[in-house]
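Okay, here's what each chain looks like letter by letter:
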Amino acid sequence: MVTDTPLLRVEGLRTALGSDGNNFDVVTGVDLELREGETVALVGESGSGKSVTALSIARLLGPRLRTVAGKVLLNGKDLLSLSEKGMRQLRGRDIAVVFQEPMTSLNPVLRIGAQLAESIRRNPVAASSVRDRAIALLKSVGITNPESRIDMYPHQLSGGMRQRVMVAIAVAARPRVLIADEPTTALDVTTQAQILDLMQARMAEFGAATLLITHDMGVVARYAQKVNVMYSGGIVERSDVQSLFAKPAHPYTRGLLNSMPRLDRPRMGRLSAIEGLPPSVLTRPKGCPFQPRCAFRIDKCSQKPPLESIAAGHEAACWRAREIASLPLDDQADAPAMRSGS
Amino acid sequence: MKTQPILTAENVCKYFPGPRSGRNPSLAVQAVDQVSLKIAPGETLGLVGESGSGKSTLGRALLQLDRPTAGKVYLKGTELTSLSNSALRPLRRDMQMVFQDPQSSLNPRMKVAEIIAEPQIIAGELSGKVAIKTRVEELLDMVRLPASAASRYPQEFSGGQRQRIGIARAIALRPRLIVADEAVSSLDVSIQAQIINLLMDLQRQLGFACLFIAHDLAVVRHVADRVAVMFLGRLVELAPTDSLFAHPQHPYTRALLDAAPIPDPVIEMTRQRSAETFIRRRYPAEMTEVRAGHFAAPSTPEFL
């Protein structure tokens, strides 16, 4: 089902904060590719620029942010060069977004049926069948009693229910690309599993691609085929999901995986935390942005490493990526590596 | 448990007036219903459950921040629910809380030094400029913040650093029990690990017991000696950590474990997850001991 030409290709995306002349890059040049039927994860911590990347792609940036360079090609057409009107026609129908907070993205004064109908009508459909389609959609995202829930307002639904409605609205127009920005972060783990399962099933049905933005490596492992790890505005590692988890090549990815307590491993005495804090756009260091926190730092890290291929389908932006990818994934291995590196 | 528990809860209930309850208490929302548990000195009891299950309400009821509707709570043998607020005050030093959101739980108009010295000043055990400065520096050092943090305001710090300030305030009176209510839940993974390590180091150093409320099962398994699972206001399972994760009894506990994604794509690909994760809302029955120290509510067939 996965074809060779990407459905969505993002090239050199740069989005900056502040008015002209006073630019701080929040997204520092991101390339991404989504193919038909694929779920691609974009992982990172708060402030890494992953949500701004998503908003830039859908052209939903607020007034303080501006995309200053790059291309967003959907089926070869550059979204960044479209007029606002042209973009509006495309949004929802070709590219849909699910946000983390459904209470702020649903219209509080419209019944959910009306909000679903708006999305259903993005494609030609007989007026008489809209309500039935809406009920079927609600049912397909696991909402019980859809016949009565369709006439409710968002505030009458629970958080999990609202997020299901958001997913139903997003998939209603059968978009080619779905951008899901932390779609289940505020929800309980049982609800999260239901919603992500349903979302993935709906998207697989019509071979669309999903950009799944999350901070949860467990969600990545379960739902994604490819992963982009983002740190301080740029992608530091990109790989198919298996080799990222088996052979993480960037010290940050490695640190993330080592710092999580895990249900599938024996209990450890102490977590190996990444010390320090991620930089803000104002304090981003020269060279590699991760170097102040990095156990593998060498002199060369004062120059920014490019995102380079280290194995088939696996890229990393680290001068020591090959060496690091070959290390076993456990805490002890990092200590000698740190000594030889400094 | 051979030693006297730090905290004992017996049939603690916390009801809130419901939408249609009026004066009829039987229609009240039973946020916490008939919860009994014990926490030993120095022990960490994990408390998990979905949002709305009553875990935060239970934590607050145990500390008498919200008075329980019924039931008894003993702190080192002293019954708390029958005490007046003023009689309770001297006992509060032994039980402190760390909140989820250090942004809203730290006074933005107070400098960090004032925030963390305040509990001891109010308790009357700290006074004088030099003594306060020394103690503030000591506390900051314990939570690995630089002494220069003292003269700054909480909003000048990142989320993880603010949580360190909240912890410094909580440990200032050397409490015997800390209730950590989703204390690491809103932090990024790399910062979360730092704060978990800090809490565990401080616990080893100071010997306080901890009620660790969280929804992340992997985090709870890492920190807790025993784990309690809460569902619809009741405990449905209470067991030593290894026993709970190796032999989950209650369908809700199993559903939680099933739903938690494992950060390993190979495991996830081959993992058998029960297709039906929807849980019918039915009040769980009382727990019985199913293994040594492992209590669980019976899984009635109509539960799932």
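Residues numbered from 1 in each chain as written. Chains lettered and ligands numbered in written order. Predicted model: local features only at pLDDT ≥ 70, side-chain atom pairs only at ≥ 80, totals over all residues.

## Looking at the overall build of chain A
Helix and strand content of chain A: 13 helices and 12 strands. Computed over its C-alpha atoms, the radius of gyration of chain A comes to 21 Å, within 12% of the 20 Å expected for a compact globule of 342 residues. Along the first, second and third principal axes, the C-alpha set of chain A runs to 70 × 50 × 35 Å. Across the 342 residues of chain A, 48% fall into the buried class. Considering only residue pairs separated by 6 or more positions, chain A has 65% of its internal contacts joining residues 24 or more positions apart. (Helix = DSSP H or I, 4+ residues; strand = E, 2+ residues; numbered from the N terminus. Rg over C-alpha atoms; globule rule 2.2 N^0.38 Å. Buried ≥ 20, exposed ≤ 12 C-beta atoms within 10 Å, placed from the backbone. Contact = placed C-beta atoms within 7 Å.)

## Describing the interface of chain B and chain A
Facing the 30 residues of chain B at the interface are 33 residues of chain A. Looking at the side of chain B that touches chain A, the elements that each hand over two or more residues are α7 (189-206), α8 (217-223), α10 (251-259) and α11 (265-270) of chain B. Looking at the side of chain B that touches chain A element by element, the count peaks at 6 residues for α7(B). Partitioned by chemical class, the residues of the side of chain B that touches chain A number 16 nonpolar, 9 polar and 5 charged. (Nonpolar A, V, L, I, M, F, W, Y, C, P; charged D, E, K, R; others polar.)

## What about unusual backbone geometry?
All names here are of chain B. Positive phi values are uncommon outside glycine, yet Q64 reaches one of about 65°. Topologically, Q64 is positioned in the loop between α1 (55-62) and β4 (70-75). One non-glycine residue with positive phi stands out, namely R174, at about 50°. The exposure class of R174 is exposed, given the 12 C-beta atoms found within 10 Å.

## Here's the deal with the nonpolar core
Ranked by size, the top nonpolar core spans 185 residues in total, and within it A:A168, A:V177, B:I116 and B:F212 carry the most contacts. Here this core gets 9 residues from one element, more than from any other, and that element is helix α7 (residues 159-172) of chain A. There are two domains that each give this core at least three residues, and those are domain 1 (8-224) and domain 2 (230-263 + 273-341) of chain A. When residues no more than four places from it in sequence are discounted, the contact partners of A:V177 are A:L7, A:L8, A:L34, A:L74, A:D94, A:I95, A:A208, A:A209 and A:L211. (Core = buried A, V, L, I, M, F, W, Y, C linked by C-beta atoms within 7 Å. Domains from an automatic or database assignment.)

## A few points about the domain arrangement of chain A
Residue and element names in this part refer to chain A. Examined at the domain level, chain A breaks down into domain 1 (8-224) and domain 2 (230-263 + 273-341). On a C-alpha basis, the centres of domain 1 and domain 2 stand 29 Å from each other. Listed per partner, the contact involves 20 residues of domain 1 and 15 residues of domain 2. Listed by contribution, the elements that provide at least two residues to the side of domain 1 that touches domain 2 are β2 (24-34), β3 (39-43) and α9 (217-223). Counting residues per element, the side of domain 1 that touches domain 2 draws most heavily on β2, at 7 residues. For the side of domain 1 that touches domain 2, the residue count by class is 11 nonpolar, 6 polar and 3 charged.

## Thoughts on the packing of helix α11 (residues 251-259) of chain A against α7(B)
Close contact between α11(A) and α7(B) brings their axes to 9 Å; oriented N to C, the two are set at 45°. On the basis of their axis angle, the class for α11(A) and α7(B) is oblique. Every pair of crossing elements has a handedness; the one defined by α11(A) and α7(B) is left-handed. Residue-level inspection shows A:G255, A:L256 and A:S259 of α11(A) in contact with α7(B), the latter providing B:V189, B:S190 and B:A193. (Axes fitted to C-alpha atoms, helices over the stretch in contact; angles between N-to-C directions. Parallel < 35°, antiparallel > 145°, perpendicular 65-115°, else oblique. Left-handed = near helix turned anticlockwise from the far one by under 90°.)

## Focus on the sheet that holds strand β2 (residues 29-39) of chain B
Residues and elements named next belong to chain B. Pairing within the open sheet is antiparallel, and its 4 strands lie in the order β2-β1-β4-β5. At either end of the open sheet lies a strand with only one pairing partner, and these are β2 and β5 (78-79). Bridging between β4 and β5 involves 2 bridges; their strand directions are antiparallel. Of the residues in β5, the one forming a bridge with L75 is T78. Across the sheet, α1 touches β1 (7-16), β2 and β4, and the angle it forms with β1 is around 120°. (Pairing = 2+ DSSP bridges.)

## Things to note about the environment of A:S148
Residue and element names in this part refer to chain A. Among the secondary structure elements, S148 is positioned in helix α6 (residues 146-149). Accessibility expressed as a C-beta count within 10 Å gives 9 for S148, which makes it exposed. Expressed as a C-alpha distance, the spacing of S148 and R59, which sit 89 residues apart in the sequence, is 35 Å.

## Brief notes about helix α4 (residues 112-122) of chain B
For an α-helix, the turn length of 3.6 residues means that residues three or four places apart are oriented alike. Residue and element names in this part refer to chain B. Listing the buried residues of α4 in full gives V112, A113, I115, I116, A117 and Q120. Along its buried surface, α4 packs onto α5 (129-142) and α6 (159-171). Phi for G124, located one or two positions after α4, is positive at around 80°.

## Digging into the environment of A:A249
All names here are of chain A. Mapped onto the elements of the fold, A249 is located in the loop between α10 (241-246) and α11. Sequence separation between A249 and E315 is 66 residues; the distance between their C-alpha atoms is 8.2 Å. Apart from residues lying up to four places away in sequence, A249 is in contact with E237, I310, H314, A316, C318, A321, I324 and A325.

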